[in-house]
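Residue-level structure breakdown
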Amino acid sequence: MTATIEPEVGKARLRKEDERLITGRTRWTDNITLPGMLHLAVLRSPMAHAKITSLDVSAAKDAPGVVAVYTARDLDPDGSIGMPCAWPITPDMKSPRRPVLADGQVNFAGEGIAVVVARSAGEAHDALEAIEVEYDELPVVLDMEAALAEGAPLVHEDLGTNKNALWIFDSAEAGTGGNVEDAIASSEIVVKRRFRQQRLIPAFMEPRACVVDPTSAQMTMWSATQIPHILRVMTALTLGLPEHKVRVIAPDVGGGFGGKIAVLPEEMMTVLVANKLGKPVKWNESRSESILTAHHGRDQIQDITISANADGTVTGLKVELIANLGAYNGLVGPGVPILGAFMFNAIYKFPAYHFACTNVFTTTTLTDAYRGAGRPEATFAVERIMDELADELGMDPMELREKNWIKHEEFPFTTVAGLTYDSGNYEAATAKAKELFDYDGLRREQQQRRDSGDPVQLGIGISTFTEMCGLAPSRVLGSLDYGAGGWEYAQLRVLPTGKIEVTTGASAHGQGHETAWSQIVADQLGVPFEDVEVLHGDTQSSHKGMDTYGSRSLTVGGVAVVKAAEKVVAKAKPIAAHMLECAEDDLDFANGKFTVKGTDSSTTIQDVALAVFAAHDLPDGIEPSLDSDATFDPENFSFPHGTHLCAAEVDTETGRIKLRSYVCVDDVGVVVNPLIVDGQVHGGLAQGIAQALFEEAVHDESGTLTTGTFADYLLPSAADLPSFTTARTETPSTTNPLGAKGVGEAGTIASTPAVVNAVVDAVRHFGVNDIEMPLTPMRVWHAIQHGTTAAGGPGSEAGGGLGSIDASGGAQ
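In this text the structure is predicted, and so the values were computed from the model without any measurement.

1. Looking at the confidence of the model for the protein
Note: predicted coordinates in regions of low pLDDT should not be interpreted at a detailed level. In this model, the protein carries an average pLDDT of 95, and 96% of its residues clear a pLDDT of 70 or more. Of the regions scoring below 50 in pLDDT, residues 792-812 engages in 56 contacts with residues more than four places distant in sequence or in other chains.

In structure tokens, the structure reads:
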């Protein structure tokens, strides 16, 4: 009998990657130094909106170490190059050209105007000071609603409007539900709220960087990017280069969170300069440049209307959004709010639903995907409005949710937004979370504090969420006019000694692909975990792929690995049968061995690999190779879910907040590596809580970013957050053979409304029904004093300041 080998999938393996990443003994883009390499520095506009009336670069050309200085028309003489947008959400969507360098007009503070090329980075930056620019200032456009008003100043005069597009989904028109206006009109309870999603900055650990070497037959670009394959295609299309002559390498990348999903003007200008000079060129941004010009996230106004019967049964949901795109379309920026359109209904059985989103141009840094990309915004709005409805009805907010959510026996369930949720058990996750949290005990304590008039009030926040992960399938993306597919590619190369090389189109930037993919292959082929090497991030070794974003790596890329492994076994089987002198149908394969049924006669996959290498005695017509590849395009998204509960203490005399406890029970389907999952959840929680309490990008009235450093844009550290209690339930996905669901964005999506609901719940008896994020002490105190919604204006308590942090581990 074949000995049982402990499966790798489900094992808490330490990550293969971590030794080199933690010690820094690896290659980041900025580590790369090539012979004769030159350095770029970009002169950036201090103005948010202005005509460039004079641009004199002559003095900079004479500065020490300077090789060349270029303006827009030096790099693009006919003004034909524009940065790509891959998601035209409507046929009439406005698409202003975003030049590589500002071409006569700047449209946001930080837009590039000129580029200096020098022998060192220091000399390049020093020479920027010698460039003289004169501007004719134009009116700034900052307020989204004001931008849509008749007669408003225009970001792009030639468009004649600041409206980018209007995108609508209506359940009655789609045939997925009833008419929302009829539902609202006939309902006993109607609640309307306006929520504000503040602007956020991705703030990855490694700033963006690019190195281009044009001096070989194939141009090579190294970039700190999430999307090497997409970047290769877009570079070829944008600059008119032959794609087969472009090689893109994403070495180890220090975080992304969606902030490295763009195709950058700086990448394109580095290519253009390198080709002009015939020398390797490097661009590496400073942290202040990154905060200013790397795309931002969120920035929406959400008008939400929910209707229900007196018993709490929801009847309709109406969502009207205004989304700030900034000055230009990002690579997928216009479509980010549209991803949320399918998630506002969340886990609830709404009979009628209407969604409308108006995208708006303003004179600010463009917005694009940021961790969760549309789904955090949707989850926040629906989980906040459910709390508001519960208050209107006088119901416990958990009871209201339980009354309206999809029951586990109802899966698969087609929602009012038209998606089919394949599996889930909201009851199990919630029951486990309530037990770990002591929900009933905390509710009793909350009442005692209210009855006694305790100056420190207790609030309980709930977020029962789901999200769609694994950005796919291609046909669905095509129906939404997305410019690419959702498939993923993998190849397994079986070496003569039986070791395995995996190439994957999923490009990691901290997710642990090398470890998880090794575990998958070890189980599929029965080889040791240590015998698997995972190659990624290089378009030459992994020639195709759709890269990493949208929690798609495992559910799409990991499944491609499984499919390729299945082909390896299928190719090995006739060879093993020949070696064992039996029919193929008489063979079983398990734990890396082909065994003749009913006997102990067997051979290993390693033996077959060596026989293939020798090719001395193969069956007729069999090629000497076990190498296999696969491209997987899923039929549906995957839908992780969970229940997050937050207990927050609010000092009513100061507005300070302390997160007393945080419990989350997530269902991400089958778990490949629990350590990786826990790390993803913890990181996601930190980012979601940071939106609730700390982070906000703020512009002054002239359009200048006033939160341009980490002294002003407040990021929490581990010391500023509570200890998390995490647990899991498991309902395997039915849309992929691994049974896995995404986890990379779950913590971020769920945690923000849990925290805000907790704080509002703590002070609701003062007449407060909302506090604008981030919930700084000043905003909380103001809300308590005025007994109403607290919404800070521009610059109001941005980030809260360091005084708002409780050293004992909570936000104050």
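2. Quick notes on the state of the cysteines
As enumerated under the stated definition, the model contains 0 disulfides in all. The structure places no disulfide on Cys-469, whose sulfur is separated from the nearest cysteine sulfur, that of Cys-664, by 15 Å. When its relative accessible area of 1% is taken as the criterion, Cys-469 is described as buried.

3. Things to note about helix H20 (residues 674-693)
Taking 1.5 Å of rise per residue, 20 residues should cover 28 Å, and H20 covers 28 Å from first to last C-alpha, within 8% of that figure. H20 sits mainly inside the fold: 14 of its 20 residues count as buried. The opening residue of H20 is Asn-673, an N-cap whose side-chain oxygen sits 2.9 Å from the backbone nitrogen of Leu-675.

4. Quick look at the sheet that holds strand S12 (residues 281-284)
Across the sheet, which stays open at both edges, the 7 strands sit in the order S3-S5-S1-S12-S9-S10-S11 with mixed pairing between neighbours. Every other strand in the sheet has two partners, leaving strand S3 (66-71) and strand S11 (246-249) as the edge strands with one partner each. On average, each strand axis in the sheet is tilted by 20° relative to the strand beside it, whichever way the strands run. Relative to S12, strand S9 (residues 209-213) runs antiparallel, the two being bridged by 4 bridges. Looking at the pairing, Cys-210 lines up with Trp-283 of S12. This element, helix H4 (residues 121-128), spans strand S1 (38-44), S3 and strand S5 (112-118) of the sheet and lies at about 25° to S1. The strands touched by helix H9 (residues 265-277) within the sheet are S1, S3, S5, S9, strand S10 (219-223) and S12, with S1 carrying the most contacts at an inclination of about 130°.

5. Description of the pattern of salt bridges
Under the defined criterion, the tally for this structure stands at 46 salt bridges. Residue Glu-388 is joined to Arg-193 by a salt bridge in which the shortest nitrogen-to-oxygen separation is 3.0 Å. Of this pair, Glu-388 sits in helix H12 (residues 375-393) while Arg-193 sits in strand S8 (residues 189-200); the two residues are 195 residues apart in sequence, bridging distant segments of the chain. Its relative accessible area of 1% is what places Glu-388 among the buried residues. Bridged by salt links that share partners, the residues Arg-193, Arg-384, Glu-388, Asp-391, Arg-764 and Asp-770 form one connected network.

6. With respect to helix H8 (residues 228-239)
Helix length check: H8, at 12 residues, gives a terminal C-alpha distance of 16 Å against a target of 16 Å (1.5 Å per residue), a fit within 8%. Most of H8 sits inside the fold, with 10 of its 12 residues counted as buried. Those residues of H8 hidden inside the fold are in contact with S10, S11 and H9. Of the residues flanking the end of H8, it is Gly-240, one or two places downstream, whose phi is positive at about 70°.

7. Side note on the sheet that holds strand S4 (residues 105-106)
Read from one edge of the open sheet, 3 strands run S4-S2-S6, paired in antiparallel fashion. Only two strands of the sheet have a single neighbouring strand rather than two, namely S4 and strand S6 (132-137). Pairing analysis gives 6 bridges linking strand S2 (residues 50-56) to S6, with the strands arranged antiparallel. When the bridges of S6 are listed, Ala-50 appears paired with Glu-137.

8. Thoughts on empty space enclosed by the protein
Evaluation of the coordinates by the stated rule reveals 8 cavities of 30 Å³ or more. In this structure, the largest cavity spans a volume of roughly 140 Å³. Lining the largest cavity are 16 residues, and of these Arg-98, Ala-262, Val-263, Pro-265 and Leu-366 sit closest to its centre. Here the residues of the lining of the largest cavity sort into 9 nonpolar, 4 polar and 3 charged.

9. Here we look at the packing of helix H18 (residues 553-580) against helix H19 (residues 605-614)
For the pair H18 and H19, the least separation of the axes is 10 Å and the interaxial angle reads 90°. Judged by the inter-axis angle, H18 sits roughly perpendicular to H19. Contacts between H18 and H19 involve Ala-572, Ile-575, Ala-576 and Met-579 on the former and, on the latter, Ile-605, Asp-607, Val-608, Ala-611 and Val-612. For the contact of H18 with H19, the per-class residue count stands at 8 nonpolar, no polar and 1 charged.

10. Side note on the packing of helix H17 (residues 513-525) against H18
The geometry of H17 relative to H18 is characterised by a closest axis approach of 10 Å and an angle of 35° between their N-to-C directions. For H17 against H18, the interelement crossing comes out right-handed. Facing His-513, Trp-517, Ile-520, Val-521, Gln-524 and Leu-525 of H17, the residues of H18 in contact are Ser-553, Leu-554, Gly-557, Gly-558, Val-561, Val-562, Ala-565, Glu-566, Val-568 and Val-569. Class assignment of the residues belonging to the contact of H17 with H18 gives a composition of 10 nonpolar, 5 polar and 1 charged.

11. Here's the deal with the pairing of strand S23 (residues 593-596)
Regular strands place side chains that alternate from one sheet face to the opposite one. Pairing between strand S22 (residues 587-590) and S23: 4 bridges, direction antiparallel. Within S23, the position partnered with Phe-589 by the bridge is Phe-594. Remark: 2 residues form the turn of the hairpin made by S22 and S23, two consecutive strands paired antiparallel; Asn-591 in that turn has positive phi of roughly 55°. Strand direction decides the pairing type here: S23 and strand S24 (residues 602-604), joined by 3 bridges, are antiparallel. Paired with Lys-593 across the strands is Thr-604, a residue of S24.

12. Concerning the side chain of Asp-170
For Asp-170, the location among the structural elements is in strand S7 (residues 163-170). Despite being buried, Asp-170 has no salt bridge partner; Lys-318 is the closest side chain of opposite charge, sitting 8.7 Å away. Filtering out sequence-adjacent residues up to four positions away, Asp-170 remains in contact with Tyr-353 and His-354.

Conventions we followed
- Residues numbered from 1 in each chain as written.
- Predicted model: local features only at pLDDT ≥ 70, side-chain atom pairs only at ≥ 80, totals over all residues.
- Heavy atoms only, no water.
- pLDDT = per-residue confidence, 0-100.
- Contact = heavy atoms within 4.5 Å.
- Disulfide = S-S within 2.5 Å.
- Buried < 20%, exposed > 50% of the residue type's maximum accessible area, 1.4 Å probe, protein only.
- Helix = DSSP H or I, 4+ residues; strand = E, 2+ residues; numbered from the N terminus.
- Expected span 1.5 Å × (residues − 1).
- Polar contact = N/O pair within 3.5 Å; in protein donor to acceptor, adjacent residues only side chain to side chain.
- Pairing = 2+ DSSP bridges.
- Axes fitted to C-alpha atoms, helices over the stretch in contact; angles between N-to-C directions.
- Salt bridge = Lys/Arg side-chain N within 4 Å of Asp/Glu carboxyl O.
- 1 Å grid on protein atoms, 1.4 Å probe; cavity = no way out; pocket = protein on both sides within 12 Å on 5 of 7 lines; lining within 4 Å.
- Points joined across faces, edges and corners; volume = space filled by probe spheres on them.
- Nonpolar A, V, L, I, M, F, W, Y, C, P; charged D, E, K, R; others polar.
- Parallel < 35°, antiparallel > 145°, perpendicular 65-115°, else oblique.
- Left-handed = near helix turned anticlockwise from the far one by under 90°.
- Lys, Arg positive; Asp, Glu negative; His and termini not counted.

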